[in-house]
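Structure assessment
The lines below spell out each chain.
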Amino acid sequence: MSDVAPPAQSGARRTRAARQRTSPRAARQRGLVLLALLLALMLMSIALAGALDVWSLERRREQEKQLLFVGDQYRQAIARYYRVGRVYPASVDDLLNDARFPVPMHHLRQAYPDPVTGKTDWLFLQQGDRFYGVYSSSEAQTIKRAGFPLRYVEFENEETYGGWRFVYLAPGLRSTPTSAATSAPGGPARIITQQNGAGRFPSGRVR
């Protein structure tokens, strides 16, 4: 018998030998490709996290701008209500539809929600059963610490949104108390804070 292998078998041997010779190189190439993919994924994750942080910061800044605007709308509405009747409103409904006169007046365009919480869960500064100011129920840390309008320059010292209090002080009320306290009629206003339950704002009267 001849020792010469058939051509098909000889070709198969050469193919296997070639694969064995190139296998380490191919493995290294595959490893480099996987490493490059992992690095790309890591860089994409870092970039995405940074983008989310920037977006969150810009969103908070926009919420602060809206809080300053909306809070001032309430303050102006309280001031207008007081000036035409020399009494503070007893509910937000009073600001929306002041029925003390033959032709109702509308001091507030709408019952704005708190831009920070997204809810109508304002807290109120009260004198008796009427209120002279509103503020956010959020205790989140503020970002803005400077550049406030002159009327709200004291906000620079506040660390949470709950410290941004939008107040109209009638003549004779030169300052607001800083802690809850009862007082005799004609004395300093007292602060009573209450978070309205669902469905009670703006129709529910503050207490």
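Residues numbered from 1 in each chain as written. Predicted model: local features only at pLDDT ≥ 70, side-chain atom pairs only at ≥ 80, totals over all residues. Heavy atoms only, no water.

Some remarks on the overall build of the chain
The test is simple: A run of DSSP states H or I qualifies as a helix once it reaches four residues; a run of E qualifies as a strand once it reaches two. Both are numbered from the N-terminal end. The rule is simple: take the accessible area with a 1.4 Å probe, protein chains only, and divide by the maximum for that residue type; under 20% is buried, over 50% is exposed, in between is partly exposed. Should any heavy atoms of two residues lie within 4.5 Å, those residues are considered in contact. For the accessible areas, the method is Shrake-Rupley and the probe is 1.4 Å, while residue cover comes only from the protein chains on display.
When helices and strands are counted, the chain shows two helices and three strands. For the chain, the α and β elements follow one another from N to C terminus as α-α-β-β-β. Looking at the chain as a whole, 31% of its 207 residues are labelled buried. Restricting to contacts in the chain with at least 6 residues of sequence separation, those with at least 24 account for 55%. Carbon and sulfur atoms make up 57% of the accessible area of the chain, which amounts to about 13,400 Å² in all.

With respect to the pairing of strand β2 (residues 130-135)
Which entries qualify depends on this criterion: Any two strands between which DSSP finds at least two bridges are classified as paired.
Burial within β2 is extensive, with five of its six residues counted as buried. Taken together, strand β1 (residues 123-127) and the strand that follows it, β2, pair antiparallel across an intervening segment of two residues, in which G128 is found at a positive phi of about 65 degrees. Of the pairings in the sheet, the one linking β2 to strand β3 (residues 165-167) comprises three bridges and is antiparallel in character. Its bridge partner lying in β3, V134 is registered against F166.

Description of the pairing of β1
Counted residue by residue, β1 has four buried out of five residues, so it is predominantly covered. The pairing of β1 with β2 spans five bridges and is antiparallel. Bridged to L125 within β2 is G133.

Side note on the sheet that holds β3
Applicable threshold: Angles here are taken between N-to-C directions and fall from 0 to 180 degrees, while the axes themselves are lines fitted to C-alpha atoms, restricted in helices to the stretch in contact.
Strands sit in the order β1-β2-β3 across an open sheet of three strands; the sheet is antiparallel. Across the chains shown, the open sheet's two edge strands, defined by having one partner strand only, are β1 and β3. Going across the sheet, the axis of each strand differs from the next one's by a mean of 35 degrees, ignoring polarity.

Considering the pattern of salt bridges
Stated precisely, the cut-off is as follows: When a carboxyl oxygen of Asp or Glu lies within 4 Å of a side-chain nitrogen of Lys or Arg, that pair is called a salt bridge.
This structure, assessed with the given rule, holds two salt bridges. We note a salt bridge from R100 to D98, for which the minimum N-O separation is 2.6 Å. Of the residues examined, D98 reaches a relative accessible area of 1% and is grouped as buried.

Looking at the packing of aromatic side chains
Put simply, the test is: Two rings from Phe, Tyr or Trp (for Trp, the six-membered ring) form a pair when their centres sit within 6.5 Å of each other. Planes less than 30 degrees apart are called stacked, planes more than 60 degrees apart edge-to-face, and all others tilted.
For the coordinates displayed, the defined rule picks out 14 aromatic pairs. Considering the side-chain rings of Y88 and Y132, the 5.8 Å spacing of their centres and the 45 degrees angle between planes classify their relative orientation as tilted. Of the two residues, Y88 is situated in the loop between α1 (7-85) and α2 (92-96) and Y132 in strand β2; the sequence distance between them amounts to 44 residues. With a centroid separation of 4.9 Å and 15 degrees between ring planes, the pair formed by Y152 and F155 is classed as stacked.

As for the nonpolar core
Filter applied, for reference: Buried residues of nine kinds, namely Ala, Val, Leu, Ile, Met, Phe, Trp, Tyr and Cys, make up a nonpolar core once their side-chain atoms join them within 4.5 Å.
In this structure, Y74, L95, W164 and F166 are the most contacted members of the largest nonpolar core, which totals 32 residues. When contributions to this core are tallied by element, the ones reaching two or more residues are α1, α2, β1, β2 and β3. Here this core gets nine residues from one element, more than from any other, and that element is α1. Not counting chain neighbours up to four residues away, the residues in contact with W164 comprise E64, L67, L68, V134, Y135, T142, K144, F148, F155 and E158.

Some words on a positive patch on the surface
Just so we agree on the cut-off: Patch definition: residues above 30% relative accessible area lacking any salt bridge, with like charges linked at up to 9 Å and the nonpolar side chains Val, Leu, Ile, Met, Phe, Trp and Tyr linked at up to 5 Å. Residues scored as positive are Lys and Arg, those scored as negative are Asp and Glu, and His as well as the terminal groups of each chain are ignored. Throughout, a charge is located at the NZ atom of Lys, the CZ atom of Arg, the CG atom of Asp or the CD atom of Glu.
A cluster of basic side chains, namely R80, R83, R86 and R151, defines a positive patch on the protein surface. Of note, R80 is situated in helix α1. Assessed through its relative accessible area of 33%, R80 is described here as partly exposed.

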